[in-house]
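Below are the chains, spelled out letter by letter.
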Amino acid sequence: NTITANKLSVSQLSAISANLGNITSGDIQVGSSPAISGTTMTGTGTHIYSDGRLVFGNSTGAIAVT
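Procedures and definitions
Residues numbered from 1 in each chain as written. Predicted model: local features only at pLDDT ≥ 70, side-chain atom pairs only at ≥ 80, totals over all residues. Heavy atoms only, no water. Helix = DSSP H or I, 4+ residues; strand = E, 2+ residues; numbered from the N terminus. Rg over C-alpha atoms; globule rule 2.2 N^0.38 Å. Buried < 20%, exposed > 50% of the residue type's maximum accessible area, 1.4 Å probe, protein only. Patch = residues over 30% accessible without salt bridge, like charges linked within 9 Å, V, L, I, M, F, W, Y side chains within 5 Å. Areas by Shrake-Rupley, 256 points an atom, 1.4 Å probe, with all protein chains shown as cover. Salt bridge = Lys/Arg side-chain N within 4 Å of Asp/Glu carboxyl O. Pairing = 2+ DSSP bridges. Axes fitted to C-alpha atoms, helices over the stretch in contact; angles between N-to-C directions.

A. Quick peek at the overall build of the chain. The number of helices and strands found in the chain is zero helices and four strands. Relative to the compact-globule value of 11 Å for 66 residues, the chain shows a C-alpha radius of gyration of 15 Å, a clear excess of over 25%. By its C-alpha atoms, the chain is 50 × 20 × 20 Å across when sized along the principal axes. Counting over 66 residues, the chain shows a buried share of 11%.

See the structure below:
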């Protein structure tokens, strides 16, 4: 009685809680289209880029590491 990952086909997982250990990924984005434009943030949320840049907040109050 096991469901394996290759049997899942979903567009959004919102009800899973897990201790994932180490995760390897490209960019990580949470929120409404958060991005760095020059040194300013657009959108709302958090974006961690695979090249080390980071931004979180919103367009009127954010912290950006470029």
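Picking up where we left off.
B. Region of the structure containing a nonpolar patch on the surface. A cluster of nonpolar side chains, namely Val-10, Leu-13 and Ile-16, defines an oily patch on the protein surface of about 320 Å² accessible area. Along the chain, Val-10 falls in the segment before strand S1 (28-37).

C. Inspection of the sheet that holds S1 at higher detail. Overall, antiparallel pairing links the four strands, which are arranged S1-S2-S3-S4 in an open sheet. For this open sheet the edge positions go to S1 and strand S4 (61-65), each flanked by a neighbour on one side alone. Taken pair by pair, the neighbouring strands of this sheet meet at an average axis angle of 35 degrees, ignoring direction. By the bridge criterion, five bridges tie strand S3 (residues 54-58) to S4 in an arrangement that is antiparallel. In the sheet register, Leu-54 faces S4, and the bridge partner there is Val-65.

That is the geometry; function is a separate question.
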